[in-house]
Protein chains: 2
Amino acid sequence: MAQAGTVDRILDTAEVLFAQRGFAETSLRAITSKAGVNLAAVNYHFGSKEALIQAVFERFLTPFSLALDAKLDEMEASGIPDTPENVLGIVFRLALGTHPDDPQRAAIFFRLSGQAYSQPQGHLREYLHTHYGAVFARLQLHLHQAVPGVPPMELFWRVQFSLGAVIFTLSGMQSLQSISKADFNMDASTADITKRLLPFLVGGIQAEVPDQPLHTDK
Amino acid sequence: MAQAGTVDRILDTAEVLFAQRGFAETSLRAITSKAGVNLAAVNYHFGSKEALIQAVFERFLTPFSLALDAKLDEMEASGIPDTPENVLGIVFRLALGTHPDDPQRAAIFFRLSGQAYSQPQGHLREYLHTHYGAVFARLQLHLHQAVPGVPPMELFWRVQFSLGAVIFTLSGMQSLQSISKADFNMDASTADITKRLLPFLVGGIQAEVPDQPLHTDK
DNA sequence: CTGGCAGCCAAACGTATGTTTGAAACGTAT
DNA sequence: ATACGTTTCAAACATACGTTTGGCTGCCAG
């Protein structure tokens, strides 16, 4: 990130600062000064701060969703069975590995996702759902093959729960690490945590659904 | 919330707005104008905006943690066994029931918690950990009794994962409801979702831990 | 009646933010 | 060398924010 163009320097700096402090708490002046570019460059190249935020996400999610699509193709072709471990494993390895050069990049990825989802008014949320909803639906389909006993509606919510567990944990990892270090005298890396996450999520996703139907239709 | 004093009117309005839009995105002017009080009243009664935020949390969490302590006492006294369902069930029923008059209050509670945790710099996080860490530790102890096969370190993270699933889901319920309604033609209440959450979390928490020790000590 | 005081109010203050502006610098094709 | 479109820059602009101020109420003890 040393001698890149102005646009990339802005994106590189913005994605780090957004992940660290959040969108509202990160000023354009903080971004531009740290990036070594003029303040007006953001509005010149992106138009507005909100457009900058979207650009940051696009640069992140487009390669990710493309890679995920490819991996799912590969899995369907080679006949690898649809198990929760396999499907979730693909997502995790991809999220951790789309930028192998920078290991911290994965943490930024999740923290950004967390910021996006906790963003209350949800402009970003809609944007994400419209632009990357297709891959998401495909993923869910494979999961349904993996746990046919869980009805689609229930599965939808369990995927949301899983998303929450992943994003929430990794988005707040910095603080959690200090707690974990204080209470257990050990620190945890992103890879460590994802290793712990996988069995938890698998256990949750394939849990038995309660007998009594909780009025699933109006 | 009709004819209460100024302090309570501010707290009532602030907790709703904070939950809806987040802390940084909610201005004191928005709070005071909606509450029908003067702008200066916040700084007069609370001292600063940050103190207001803490006051909102204190009013929420103190009754909750007291009730939780009492319920745990009751459980220990009456010899109810420590199962994941029982322990988590207590928390859920309490979170949903501490303010039975207002069903929406539970959603606000979780959304606020989500805002607090996703708050990047984490002043609030420390505050919560120091003021309510004791109840949290006690809860974790009971969980450990419930799933003795899971080592404490692993359990710590699984509780974090569970927290994430709960807070993330309920904090973004508004948006998720529209998605769920579009895709499955049904809507979900807070109570509905928590009913779905319980088996998911129980399944995750009591999942088998992988054989290979993931270098649990430095 | 009167003094004091806590609560309340409109107005202003200082600061930080996103955005816009107009000119300067740059690179490139003619 | 000249002209032109793009990019960069310092400066200013408008606005929104949290906070402070000084005076105005109403009430209750003396």
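This structure is a prediction, so every number in the text was calculated from the model and none was measured. (Residues numbered from 1 in each chain as written. Chains lettered and ligands numbered in written order. Predicted model: local features only at pLDDT ≥ 70, side-chain atom pairs only at ≥ 80, totals over all residues. Heavy atoms only, no water.)

Participant: So what about the overall build of chain A? Which residues, and what values?
Facilitator: Of the regular secondary structure elements, chain A holds 10 helices and 0 strands. Going residue by residue from the N terminus, the α and β elements of chain A occur as α-α-α-α-α-α-α-α-α-α. Sorting the 218 residues of chain A into buried and exposed places 52% on the buried side. Counted over contacts in chain A with a minimum sequence separation of 6, partners at least 24 positions apart contribute 69%. (Helix = DSSP H or I, 4+ residues; strand = E, 2+ residues; numbered from the N terminus. Buried < 20%, exposed > 50% of the residue type's maximum accessible area, 1.4 Å probe, protein only. Contact = heavy atoms within 4.5 Å.)

Participant: Tell me about the protein's contact with DNA strand C, and name the residues and values.
Facilitator: Lining the immediate surroundings of DNA strand C are 15 residues, of which Leu28, Arg29 and Lys49 of chain A together with Thr6 and His45 of chain B lie closest. By atom count, sugar and phosphate contribute 50% of the portion of DNA strand C lying within 4 Å of the protein. In the environment of DNA strand C, a phosphate oxygen lies 3.0 Å from a nitrogen or oxygen atom belonging to the side chain of Tyr44 of chain B. Between DNA strand C and His45 of chain B, the relevant distance is 2.9 Å, taken from a phosphate oxygen to a side-chain nitrogen or oxygen of the residue. For the surface near DNA strand C, the secondary structure elements donating two or more residues are helix H2 (28-35) and helix H3 (40-45) of chain A together with helix H3 (40-45) of chain B. With 3 residues, the top contributor of residues to the surface near DNA strand C is H3 of chain B. The residue makeup of the surface near DNA strand C, split by class, is 5 nonpolar, 7 polar and 3 charged. (Near = heavy atom within 4 Å. Polar contact = N/O pair within 3.5 Å; in protein donor to acceptor, adjacent residues only side chain to side chain. Nonpolar A, V, L, I, M, F, W, Y, C, P; charged D, E, K, R; others polar.)

Participant: How would you summarise the packing of aromatic side chains if you had to cite specific residues and measurements?
Facilitator: Overall, the coordinates contain 16 aromatic pairs over all chains when judged by the stated rule. By way of ring pairs, the aromatic residues Phe156, Trp157, Phe161 and Phe200 of chain A together with Phe156, Trp157, Phe161 and Phe200 of chain B are connected into one cluster. (Phe/Tyr/Trp six-rings, centres within 6.5 Å; stacked < 30°, edge-to-face > 60°.)

Participant: So what's going on with the side chain of Arg158 of chain A? Residues and values would help.
Facilitator: Along the chain, the position of Arg158 of chain A falls in helix H8 (residues 152-171). Ignoring any residue separated from it by four or fewer positions in sequence, one finds Arg158 of chain A in contact with Val150, Gly204, Ile205, Gln206, Ala207, Glu208 and Val209 of chain A together with Pro199 and Phe200 of chain B.

Participant: Now, about the protein's contact with DNA strand D: what can you tell me, with residues and values included?
Facilitator: For DNA strand D, the set of nearby residues contains 15 residues, the closest of which are Thr6 and His45 of chain A together with Leu28, Arg29 and Lys49 of chain B. Backbone atoms, meaning sugar and phosphate, form 47% of the atoms of DNA strand D found within 4 Å of the protein. At 2.4 Å from a phosphate oxygen of DNA strand D is found a side-chain nitrogen or oxygen belonging to Thr6 of chain A. At 2.7 Å from a base nitrogen of DNA strand D is found a side-chain nitrogen or oxygen belonging to Arg29 of chain B. Secondary structure elements with two or more residues in the surface near DNA strand D: H3 of chain A together with helix H2 (28-35) and H3 of chain B. Considering every element that reaches the surface near DNA strand D, the biggest residue donor is H3 of chain A, with 3 residues. Per-class residue counts for the surface near DNA strand D are 5 nonpolar, 7 polar and 3 charged.

Participant: Which residues make up the pattern of salt bridges, and what values go with them?
Facilitator: This structure, assessed with the given rule, holds 16 salt bridges over all chains. For Arg138 of chain A, the salt bridge identified is with Asp69 of chain A, shortest N-O distance 2.4 Å. Residue Arg138 of chain A is located in helix H7 (residues 123-146), and its partner Asp69 of chain A is located in helix H4 (residues 49-78); the two are separated by 69 residues in the primary sequence. Of the charged contacts, one joins Glu154 of chain B and Arg196 of chain A as a salt bridge, the two residues approaching to 2.8 Å between their closest N and O atoms. Residue Glu154 of chain B is found in helix H8 (residues 152-171), and its partner Arg196 of chain A is found in helix H10 (residues 190-205); the two belong to separate chains. (Salt bridge = Lys/Arg side-chain N within 4 Å of Asp/Glu carboxyl O.)

Participant: Talk me through H7 of chain A; I want residue IDs and the actual numbers.
Facilitator: In this model, H7 of chain A (24 residues) spans 32 Å end to end at C-alpha, consistent with the 34 Å of a helix rising 1.5 Å per residue. If you look at H7 of chain A, its biggest bend is around 65°, right at Tyr132 of chain A. (Expected span 1.5 Å × (residues − 1). Bend = angle between axes of the 7 residues up to and from the residue.)

Participant: Give a description of the nonpolar core that names residues and reports values.
Facilitator: With 126 residues, the main nonpolar core has Leu52 of chain A together with Leu52 of chain B as its most contacted residues. Apart from the residues within four sequence positions on either side, Leu52 of chain B is in contact with Ile10, Leu11, Ala14, Phe18, Leu28, Ile31, Val42 and Phe46 of chain B. (Core = buried A, V, L, I, M, F, W, Y, C linked by side-chain atoms within 4.5 Å.)

Participant: Talk me through the environment of Ser171 of chain B; I want residue IDs and the actual numbers.
Facilitator: Residue and element names in this part refer to chain B. Relative to the assigned elements, Ser171 resides in helix H8. The spatial distance from the C-alpha of Ser171 to the C-alpha of Leu112 is 7.6 Å, given a sequence separation of 59 residues. Apart from residues lying up to four places away in sequence, Ser171 is in contact with Phe110 and Arg111.

Participant: Which residues make up the packing of H8 of chain B against helix H10 (residues 190-205) of chain B, and what are the values?
Facilitator: All names here are of chain B. Interhelical geometry of H8 versus H10 gives an angle of 160° and a closest axis separation of 11 Å. In terms of axis orientation, H8 runs roughly antiparallel to H10. Between H8 and H10 lies a crossing of right-handed hand. Only Thr190, Ile193, Leu197, Phe200, Leu201, Gly204 and Ile205 of H10 make contact with H8, whose side of the interface consists of Leu155, Arg158, Ser162, Ala165, Val166, Thr169 and Leu170. (Axes fitted to C-alpha atoms, helices over the stretch in contact; angles between N-to-C directions. Parallel < 35°, antiparallel > 145°, perpendicular 65-115°, else oblique. Left-handed = near helix turned anticlockwise from the far one by under 90°.)

Participant: Can you tell me about the environment of Pro81 of chain B, naming the residues and giving the values?
Facilitator: Residues and elements named next belong to chain B. Tracing the sequence through the fold places Pro81 in the loop between helix H4 (49-78) and helix H5 (84-97). For the pair formed by Pro81 and Tyr132, sequence separation is 51 residues and the distance between their alpha carbons is 24 Å. Other than its neighbours up to four places away in sequence, Pro81 contacts Met75 and Asn86.

Participant: Give a detailed account of the side chain of Thr194 of chain A, specifying residues and quantitative values.
Facilitator: Summarising the element assignment, Thr194 of chain A is placed in helix H10. If near-sequence neighbours (up to four positions away) are discounted, Thr194 of chain A is found in contact with Phe92 and Leu96 of chain A.

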